[in-house]
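Results of the structural survey
Next come the chains, spelled out residue by residue.
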Amino acid sequence: MKVEKVLEKNVAKKNSVQILEKAGKILKDGGLVAFPTETVYGLGADALNADAARKIYEAKGRPSDNPLIVHVAEFEAVKKIVKSIPWQATVLAEKFWPGPLTMIMEKSDAVPFETSGGLDTVAVRMPAHKVALELIRAGGGYIAAPSANTSGRPSPTKAGHVADDLDGKIDMLIDGGEVGIGLESTIVDLTSSKPVILRPGAITAQMMFEVLGCEVSLDEALIKTDSTVRPKAPGMKYKHYAPKAEITVVEGKDRQSVVNYINEQVEKMLQQFYLDETDKKGNVLDDLFWLDVLEGRIGILCSEENRSKYHYGFVKSVGHFENEEEIARNLYSVLREFDETSVEYIFSESFNTPNMGYAIMNRLLKAAGHHRVQL
Ligand code: TXA
Ligand code: MG
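Let me begin by describing the structure that accompanies this report. Numbering of residues begins from 1 in every chain and follows the order in which that chain's sequence is written. Throughout, the order in which chains and ligands are written sets their labels, letters from A for the former and numbers from 1 for the latter. Since the coordinates come from a predicted model, pLDDT governs what is reported: local features require at least 70, and pairs of side-chain atoms require 80 or more to be given and counted, while whole-chain, interface and lining totals use all residues. Heavy atoms from the whole structure form the basis of all side-chain values; hydrogens and water molecules are not counted.

On to the sheet that holds strand 11 (residues 217-218), then. DSSP calls a pair of strands paired once it identifies at least 2 bridges connecting them. Secondary structure elements follow DSSP: runs of H or I no shorter than four residues count as helices, runs of E no shorter than two count as strands, and numbering proceeds from the N terminus. Here 11 strands make up an open sheet; going across it, the order is 1-8-2-3-7-4-6-5-9-10-11 and the pairing mixed. A single partner strand is all that each edge strand has here, and the edge strands are strand 1 (2-5) and strand 11. Sheet topology note: the strand 3 (residues 42-46)/strand 7 (residues 143-144) ladder contains two bridges and is antiparallel. Looking at the pairing, aspartate 46 lines up with isoleucine 143 of strand 7. Residues count as neighbours in contact if any of their non-hydrogen atoms are within 4.5 Å of one another. An axis is simply a line fitted to the C-alpha atoms; with a helix, the fit covers only the stretch in contact. Between two such axes, the angle follows the N-to-C directions and lies from 0 to 180 degrees. Where helix 2 (residues 50-60) meets the sheet, it contacts strand 3 and strand 7, and its direction lies at approximately 150 degrees from that of strand 3. Its contacts with the sheet put helix 5 (residues 130-138) on strand 2 (33-35), strand 4 (69-71), strand 7 and strand 8 (172-175), and the angle it makes with strand 2 is roughly 150 degrees.

Shown next, in the form of structure tokens:
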């Protein structure tokens, strides 16, 4: 796999133009190119070429019934791939494109079923990233791109994450630096009269309501998370974003009670680990040495403001509670960092922040398999 660096600020420079032309040619020839977007890195292929789309599923180890998002660089381009453009799509695109919003519409015959995962609908998005937009143009205008991770791992927010997962399986990786948002786009279904959010993201129901003037509802499966309701976005049914460790998300009325609870639990667990080890070894252990070793089995995922309040365990901050963009941007990266440690159990604070909080908690609770404690 060839790695090429193209930053947004250099996209018009000769060297970058040449790299993007080369990448575009790979796509036109049916190859795979991973590239940055403002949300997460995507794994691109020609969306109108069934064989190319099939390669995406293979590289990611993705179930074939999980449809891909088609990325376009112009609103005009949508016409060719849908039966008709609903009025809501025109209004939403006007306001939020390019940007982190994916819209589902009835597909036209131009979109192969390999791209739409066998469905009669297609997901379309115009990313707000200059490198992505230029690549889409160079690649023929229609680029299918799921997140560029191995299925089941957190989405990549840095080129290094893509390389960790897909090296040897794709033709090129364009390194555009760290992404801006860090969580995948909002998905809204426009195939019935009322828009329905299938996956929460940076564009919220309230933001869409404000421009559409009509109610935007949530897919029932987002509310009923006990798997009795089947999500409308096939991808949302899989246990995504799953780190190696078991996560417990702790929610409380005030943030100090969450810290206290986690500290208590961690101390209890350490005591238990210590007793188990003593049993195994059959003699009394050197307390300090063992504390050091056993601490490494427990992780704490917290806000920067609370970081110093935890006494034991492997503590990682996702950013300041007051800065929800920072938390969204760091979440997947921190989950991946935990994967590289010996941590077996993670206690996580909850991040019900004003706008992005719903999307952040959606991903975090998924990573936790909805294992949560409400104080
Ligand atoms: O931000 C993003 O959307 C990123 C970047 C690369 O653009 N892409 C992304 O793609 O997150 P992916 O494949 O990881 O997630 C796409 C989600 C899946 O849950 C899939 O099931 C759903 O979109 N989806 C795609 N087409 C659909 C359709 N026609 N109907 C319902 N859900 C659809
Ligand atoms: Mg994905």
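By convention in these notes, a residue is near a molecule or strand provided one of its non-hydrogen atoms lies within 4 Å of it. Taken together, 29 residues lie around ligand 1, and Thr39, Asn66, His71, Ser185 and Gly235 are the ones closest in. For ligand 1, an oxygen atom lies 2.9 Å from a polar atom in the side chain of arginine 62. Here, Shrake-Rupley sampling with a 1.4 Å probe gives the accessible areas, and only protein chains in the shown set may cover a residue. When ligand 1 sits alone it has 680 Å² of accessible area, and the protein chains cover 97% of it. For the shell around ligand 1, the element with the highest residue contribution is strand 6 (residues 121-125), accounting for four residues. Three categories are distinguished: nonpolar for Ala, Val, Leu, Ile, Met, Phe, Trp, Tyr, Cys and Pro, charged for Asp, Glu, Lys and Arg, and polar for the others, with Gly belonging to the last. Each residue belonging to the shell around ligand 1 can be placed in one class, and the counts come to 16 nonpolar, eight polar and five charged. Whenever a nitrogen or oxygen atom comes within 3.5 Å of another N or O atom, the pair is scored as a polar contact, on the condition that within protein one atom can donate a hydrogen and the other can accept it, and that pairs from neighbouring residues in sequence are kept only if both atoms are in side chains.

Across the interface, helix 1 (residues 14-28) lies against helix 5 with an axial gap of 8 Å and an inter-helix angle of 50 degrees. Judged by the inter-axis angle, helix 1 sits oblique to helix 5. Here helix 1 and helix 5 pass one another in a crossing that is right-handed. Here helix 1 contributes Leu20, Ala23, Gly24, Leu27 and Lys28 to the contact with helix 5, which in turn contributes Val131, Glu134, Leu135 and Ala138. Oblique is the label for any angle not covered by the other classes, which are roughly parallel (under 35 degrees), roughly antiparallel (over 145) and roughly perpendicular (65 to 115). In this scheme, a crossing is called left-handed if the near helix is turned counterclockwise away from the far one by less than a right angle; it is called right-handed if the turn is clockwise.

Interpretation in functional terms is not warranted from these geometric data alone.
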